[in-house]
Amino acid sequence: MVMNMAKYSIGVDFGTQSGRAVLVEIGTGREVATAVKAYTHGVMDAYLPDGVTRLADDWALQHPGDYLEVLHETIPQLLQAAGVEPADVIGIGIDFTACTMLPIAADGTPLCMRAEFASHPHSYVKLWKHHAAQDEANRLNDTATSRGETFLARYGGKISSEWMLPKLWQILNEAPEIYDAADVMVEAADWVVMQLTGKLVRNSCTAGYKAIWHKRDGYPSQDFFRALDPRLENVIDDKLRGEIRPIGTRAGELTEVAANLIGLRPGTPVAVANVDAHVSMPAVGITEPGKLLMIMGTSTCHVLLGTEERMVPGMCGVVEDGIIPGYMGYEAGQSCVGDHFEWFIEQCVPVNYVEEANRQGVGIHQLLTQKAKALRPGESGLLALDWWNGNRSTLVDADLTGMLLGATLATKPEEIYRALIEATAFGTRMIVETFREYGVPVDEVYACGGIAEKNDLMMQIYADVLNMPIRIGASSQTPALGSAMFGAVAAGKTNGGYDSIQDAAREMGGVKPDAYLPQEDAVKVYDVLYAEYARLYDYFGRGENNVMKTLKQLKSATTKDGVPVC
Ligand SMILES: Nc1ncnc2c1ncn2[C@@H]1O[C@H](COP(=O)(O)OP(=O)(O)O)[C@@H](O)[C@H]1O
Ligand SMILES: O=C(CO)[C@@H](O)[C@@H](O)COP(=O)(O)O
């Protein structure tokens, strides 16, 4: 009888709309089985699950029960589909969107799961794209600037409203009863690991990028927090306490209860959690500086390694060991990429296009992409700013909004669709040029994530706009593969895994054989369009014309929770 000696690791990627799990063979990186579970409650941006509690503009919540469903459903499916025994799974790792945070009770129960708080918006998970803490972010940035806090430079000069402290402070300001009832506030990533291991272990990646924690300096001082708000003086001990462990280490082992629920063996090593973007880098095989990776889905994150700590305006952050141990990890991003196109297909596509897509048996994205492919660069006469969900990098301003220029009575949906794609590509070029200008080399570009897989036109446009080849990660589930690799590192070599993420990347990460190459004619036209984009970017984004903010203020003065005020 031939014995199957293969060993496996499981990675689970908790995205914006769904959780994706993969079972990966150690050594080869072969993805033996994949399972996807859409979140039952999706993204809650209008109502709570009670169906009556309305959410204000800029809110985006999730239900933590959905994360447990992902684990309970996908992991047994993986084992069954692959015919793999739980004993052959040597480790498990997870990654998450971030900062996606929630208040929990001392026993780990999310406050939204307690009956008395079920109709309280602040008791739920605040998703990364919850942008309603912009006031708190502005005040935090003003205080930090006036006090000359050195941490600001490591975050490109501004702390984003998407991150932990503005969100936590919003809870304190608007719902002190929830703030008080919370034992601690945690990243959803760490909460899921806690469900698996029974222990709260905070990961150094989210602490570093999203909660202003530094490997040597720790969190900002008590003085700073007191200056922000006297009630926050002890916020770290009160609400953010807990051991912070480096990525690439073990958080603990599966408890008996968790193991029974997900069909694995108790004692299986569980990796310290990671962020969906950062975890993808080794999965594409990148472990050295100069190679920018774009993780393209609902949003885009740009991650890059460097050897020195450079202060780059408007980047999300530079964190030592934040992505790969031994390097400075840089992150930048665009908060609206796939969401941009989703908005367009949901709100702006005429019925005859829907009928045509149905006749062809394709989705709207495919139909629009097909039609947009027939256009040459510049042919639409359109130019857009990609700020439909604010600007994450390089302006770090959630109050900026979208813009389309050049529309006429002849403008067609596919032209707008293409202009939106081009706008996101220009936004990426702005990020790349800013990195270079401030001394962080970008020599090669890679992409992964849902969009890199699904939209070849988009990838070609990015290659043309950047005038650089773009290589695509080999896996269709790159973050989940990265998490599985960290699971194998948590297991360690003696248990059949790896002793470092670099070792795992060498054997399990990689790219597809073909790259998207820039086309000379398109590059020339996009250089002209990009110059115009950059002028509009400064004009609308750096205070010369604050019309976007004026419009937003008028809107909020005439509506309350999205409802017109008579
Ligand atoms: N063919 C396509 N072209 C462009 N965008 C797409 C396409 N198909 C899906 N999208 C967008 O991709 C996003 C989902 O990306 P994905 O990477 O799958 O998930 P997540 O953001 O949860 O990690 C959605 O915003 C969706 O509108
Ligand atoms: O902000 C980060 C990572 O820092 C992401 O988690 C966030 O943009 C969400 O990513 P997705 O668009 O869901 O892939």
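Refer to the structure above for everything that follows.
Just so you know, these numbers come straight off a predicted model, no measurement behind them.

Here we take up the state of the cysteines. All told, the structure shown has zero disulfides when counted by the stated rule. Looking at the unpaired cysteine 301, the closest cysteine sulfur is the one in cysteine 316, lying at 6.9 Å. What makes cysteine 301 buried here is its relative accessible area of 9%. The structure places no disulfide on cysteine 348, whose sulfur is separated from the nearest cysteine sulfur, that of cysteine 336, by 12 Å.

With that out of the way, let us pick up the packing of helix H1 (residues 64-82) against helix H6 (residues 188-197). Axes are the key here: two packed helices are described by the angle between their axes and the distance separating the axes. Axis separation between H1 and H6 bottoms out at 11 Å; the angle between their running directions is 50°. Judged by the angle between their axes, H1 and H6 are oblique. Between H1 and H6 lies a crossing of right-handed hand. Contact with H1, carried on its side by Pro64, Tyr67, Leu68 and Leu71, involves Ala188, Trp191, Val192, Gln195 and Leu196 of H6 and no other residues of that element. Residues belonging to the contact of H1 with H6 are distributed by class as follows: eight nonpolar, one polar and no charged.

What follows covers the site of ligand 1. What surrounds ligand 1 is a group of 18 residues, the closest being Thr16, Arg20, Thr298, Gly338 and Asn455. Glycine 338 has a polar backbone atom sitting 3.1 Å from an oxygen atom of ligand 1. Within the side chain of asparagine 455, an N or O atom sits 3.0 Å from a nitrogen atom of ligand 1. Surface burial for ligand 1 is 88%, taken as the share of its 580 Å² of free accessible area covered by protein chains. Of all elements in the fold, only helix H12 (338-347), helix H14 (364-373) and helix H16 (450-454) reach the threshold of two or more residues within the shell around ligand 1. In terms of residues, the shell around ligand 1 owes the most to one element, H12, which gives four residues. A breakdown of the residues in the shell around ligand 1 according to their chemical character gives four nonpolar, 10 polar and four charged. Two domains share the shell around ligand 1, each providing at least three of its residues, namely domain 1 (8-278 + 478-512) and domain 2 (286-473 + 519-566).

So, how was this worked out
- Residues numbered from 1 in each chain as written.
- Chains lettered and ligands numbered in written order.
- Predicted model: local features only at pLDDT ≥ 70, side-chain atom pairs only at ≥ 80, totals over all residues.
- Heavy atoms only, no water.
- Disulfide = S-S within 2.5 Å.
- Buried < 20%, exposed > 50% of the residue type's maximum accessible area, 1.4 Å probe, protein only.
- Axes fitted to C-alpha atoms, helices over the stretch in contact; angles between N-to-C directions.
- Helix = DSSP H or I, 4+ residues; strand = E, 2+ residues; numbered from the N terminus.
- Parallel < 35°, antiparallel > 145°, perpendicular 65-115°, else oblique.
- Left-handed = near helix turned anticlockwise from the far one by under 90°.
- Contact = heavy atoms within 4.5 Å.
- Nonpolar A, V, L, I, M, F, W, Y, C, P; charged D, E, K, R; others polar.
- Near = heavy atom within 4 Å.
- Polar contact = N/O pair within 3.5 Å; in protein donor to acceptor, adjacent residues only side chain to side chain.
- Areas by Shrake-Rupley, 256 points an atom, 1.4 Å probe, with all protein chains shown as cover.
- Domains from an automatic or database assignment.

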